[in-house]
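These are the residues of each chain, in order.
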Protein chains: 2
Amino acid sequence: MTLITSSKNELIKSLRKLTRKKNREEQQRYLLEGVHLVREAIKAQQKLIMLLATTDFQQVDWLPTDVPTYWLTPEVAQALGTTVTTQGIFAVLPLPVTTVPQTYTGTWLLLDGVQDPGNIGTMVRTADAAGLSGVVLGQGSADLYSAKVLRSMQGSHLHIPIYQGELTTWLQAFKAAQVPIFGSELNPAAVAFHQIPAQKNFALIMGNEGNGMQAALLAQTDQNLYIPIQGRAESLNVAIAAGILLFQLKD
Amino acid sequence: MTLITSSKNELIKSLRKLTRKKNREEQQRYLLEGVHLVREAIKAQQKLIMLLATTDFQQVDWLPTDVPTYWLTPEVAQALGTTVTTQGIFAVLPLPVTTVPQTYTGTWLLLDGVQDPGNIGTMVRTADAAGLSGVVLGQGSADLYSAKVLRSMQGSHLHIPIYQGELTTWLQAFKAAQVPIFGSELNPAAVAFHQIPAQKNFALIMGNEGNGMQAALLAQTDQNLYIPIQGRAESLNVAIAAGILLFQLKD
């Protein structure tokens, strides 16, 4: 049993660097924190590079025995954690290798320049709950493997394929597969969302919090959807809008 | 013109205390931060106790001239602000006086023990966008006038009445007014939400992030609604669920 007692330990120092995207890419791994996320990773039979936990966790019966495990003092766990009070358990996972989907049919959520980590994570979780085929993050969207996005995803990135890439290229592939493409727009001239029936194939694009979708992408859609605002709010939060649209569109 | 150059200034010290609920209640006022929220307050013709801004804002044409205004150095603005980089403008508003509504008919969102400030704020914003009559925060829900809730509400608390109180009492009033009461439940035995038509009168209750609604309240509803989960996510974020349900229910 290895007990790490100093936050200056070389392993801890290198894992603490994983808060930055550059270092995640260099090390090709990311850190999951907290009981819920670590258990989700175990349940989803993800390859775990290692586990780290305070010695309290020696008593639980759900830790795998075939994964290198390091025990931490509470102080070291707190130094590694990104929350005010850490739960004291972490898993290190390999960054998934980006692939292309076998088919472009099915139901898809595309994010165009979404900035807020909580919004991105919540939309991935919502896409998972709606049973979508996958999520595509366009260039300019915040990174997927930061602690905040991981917290909001609640493990959904272990359930649903997530791709990153140039949305224009993806739209061409959806068009070739005859998948209807819906944009979303804060514009009463667009189509009111409840007029669109549920369907087996679609790609829905959600845009940036402040600026919405790029005009270049809006022009490439089959239809642009609008959620009618009845009150005095200027707009809906983008993740709320995505939830309303996905649970309308998904058959 | 008064320029405040020290964050040890007595006014600044007393305003910085407004991050705590106890002090907001003692001083009977709260702080709005940022260009969007301050402009929303001006637009909504709210009574402003005072404005505080860095001298950059002396050039804008939308600041009211009949409100006491204090100018701040960038350092003092940063000390007063609650964000990593403050926009340098603040308004102090009186805490609204809690009243009772004139009528219990109409469309209502009730929050039962919702904890996360971002979720509460986003739900108030969504209720505003859906054109509801009001929002009721039950006991055990996080406070409304913290910086995080205010940021997520995006000014919607200036558009829509928000009440705080014992939900059981409110449910009795809705029953007396013959307003249908809907609970929300992560239970496939409940009624699938899309089976319920849009209506002019309803009260919808959303529960705590981890534990859902109190059983005692679930028992007092007319129907409990469920959003079918098709994928592998265990649940939806509570604010997403509220958005889906409100845009289904609201006529």
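Rules of the game
Per chain, residues are indexed from 1 in the order of the written sequence. A letter from A marks each chain and a number from 1 marks each ligand, given out in the order of writing. The predicted nature of this model means local features are confined to residues of pLDDT at least 70 and side-chain atom pairs, given and counted, to a pLDDT of 80 or more, with totals for whole chains, interfaces and linings taken over all residues. Side-chain figures throughout are based on the complete set of non-hydrogen atoms in the structure, without hydrogens or water. UniProt positions are given in the numbering used here, feature names are shortened, and annotations may be inferred rather than shown by experiment. Runs of H or I in DSSP of at least four residues are treated as helices and runs of E of at least two as strands, each being numbered from the N terminus. Categorising residues by exposure relies on relative accessible area from a 1.4 Å probe, with only protein chains included: less than 20% of the type maximum marks a residue as buried, more than 50% marks it as exposed, and the intermediate range marks it as partly exposed. Think of the arc as the fan of directions from the helix axis to the C-beta atoms. Two residues qualify as a contact provided that any one of their heavy atoms is within 4.5 Å of a heavy atom in the partner residue. Centres within 6.5 Å are what make two rings of Phe, Tyr or Trp a pair, Trp counting through its six-membered ring; a difference in plane orientation under 30 degrees is then read as stacked, over 60 as edge-to-face, and the rest as tilted. Summed over both partners, the accessible surface that disappears when two parts come together, traced with a 1.4 Å probe, is what is meant by buried area. Salt bridge, as applied in this entry: a Lys or Arg side-chain nitrogen positioned within 4 Å of an Asp or Glu carboxyl oxygen. Pairs of N or O atoms within 3.5 Å make up the polar contacts considered here, provided that, within protein, one atom can donate a hydrogen while the other can accept it, and that residues adjacent in sequence are counted only when both atoms are side-chain atoms. Buried residues of nine kinds, namely Ala, Val, Leu, Ile, Met, Phe, Trp, Tyr and Cys, make up a nonpolar core once their side-chain atoms join them within 4.5 Å. The superposition of copies rests on a least-squares fit of C-alpha positions from residues with pLDDT of 70 or more in both.

Participant: Tell me about the UniProt feature "domain: RNA 2-O ribose methyltransferase substrate binding" (unreviewed entry) in chain A, and name the residues and values.
Facilitator: The UniProt feature table records "domain: RNA 2-O ribose methyltransferase substrate binding" (unreviewed entry) at residues 31-99 of chain A. Helix makes up 23% of residues 31-99 of chain A and strand 26%. Its end C-alpha atoms lie 21 Å apart.

Participant: Give a detailed account of helix H3 (residues 35-43) of chain A, specifying residues and quantitative values.
Facilitator: Residue and element names in this part refer to chain A. For H3, the set of buried residues is Leu-37, Val-38, Glu-40 and Ala-41. Taken end-on, H3 shows its buried residues confined to a sector of 155 degrees, consistent with a single buried face. If you follow the buried residues of H3, they end up packed against strand E2 (29-33), strand E3 (50-54), strand E5 (89-94) and helix H6 (147-153). Directly beyond the C-terminal end of H3, a positive phi value near 50 degrees is found at Gln-45.

Participant: For the packing of aromatic side chains, give the residues involved together with the corresponding values.
Facilitator: All names here are of chain A. Taken as a whole, this structure holds 18 aromatic pairs over all chains when the rule is applied. With centroids separated by 5.8 Å and ring planes inclined at 55 degrees, the aromatic side chains of Trp-108 and Trp-170 adopt a geometry described as tilted. Placement of the pair is Trp-108 in strand E6 (residues 107-111) and Trp-170 in helix H7 (residues 167-176), with a sequence separation of 62 residues. For Trp-170, a relative accessible area of 8% corresponds to the buried category.

Participant: Break down the environment of Gly-113 of chain A for me, citing the residues and quoting the values.
Facilitator: Residue and element names in this part refer to chain A. Residue placement: Gly-113 occurs in the loop between E6 and helix H5 (117-129). Separated by 95 residues in sequence, Gly-113 and Asn-208 have C-alpha atoms that sit 4.9 Å apart. If we skip the residues at most four places from it in the chain, Gly-113 touches Gln-139, Gly-140, Ser-141, Asn-208 and Glu-209.

Participant: If you had to explain the interface of chain A and chain B to someone new, which residues and values would you point to?
Facilitator: At the junction of the two partners, chain A supplies 33 residues and chain B supplies 33 residues. Of the roughly 2,500 Å² buried between chain A and chain B, counting both surfaces, carbon and sulfur atoms make up 56%. The interface formed by chain A and chain B contains two salt bridges. Scanning the region where chain A abuts chain B turns up 19 residue pairs in polar contact (both at pLDDT 80 or more).

Participant: So what's going on with the nonpolar core? Residues and values would help.
Facilitator: Core analysis: the largest hydrophobic core is formed by 118 residues, its most contacted members being Leu-109 and Met-206 of chain A together with Leu-109 and Met-206 of chain B. Setting aside residues no more than four positions away along its own chain, Met-206 of chain B makes contact with Leu-109, Leu-110, Leu-111, Asp-112, Val-114, Met-123, Ser-184, Met-213, Val-238, Ala-241, Ala-242 and Leu-245 of chain B.

Participant: Describe the pattern of salt bridges, listing the residues and the values that go with them.
Facilitator: Between side chains of opposite charge, a pair can form when the charged atoms approach closely. Inspection of the entire model under this criterion finds 12 salt bridges over all chains. Residue Arg-24 of chain A is joined to Asp-143 of chain A by a salt bridge in which the shortest nitrogen-to-oxygen separation is 2.6 Å. A residue pair is termed long-range when its members are at least 10 positions apart, and Arg-24 of chain A in helix H2 (residues 21-27) and Asp-143 of chain A in the loop between strand E7 (134-138) and H6 qualify at 119 residues. The burial state of Arg-24 of chain A is the same as that of Asp-143 of chain A; both residues are buried. Lys-43 of chain B is the partner of Glu-40 of chain B in a salt bridge, and the nearest nitrogen-oxygen pair spans 3.3 Å. Here Glu-40 of chain B and its partner Lys-43 of chain B are both found in helix H3 (residues 35-43), three residues apart, which amounts to about one turn of the helix. Judged by its relative accessible area of 4%, Glu-40 of chain B falls in the buried class.

Participant: I'd like a description of the relation of the copies chain A and chain B, backed by residues and values.
Facilitator: Of the two same-sequence chains, chain A is brought onto chain B (RMSD 0.0 Å, axial shift 0.0 Å) by a rotation of 180 degrees. The symmetry that links the two subunits is that of a two-fold axis. Counting the interface residues of chain A, we find that 100% of their copies in chain B are interface residues as well, pointing to one common contact surface.

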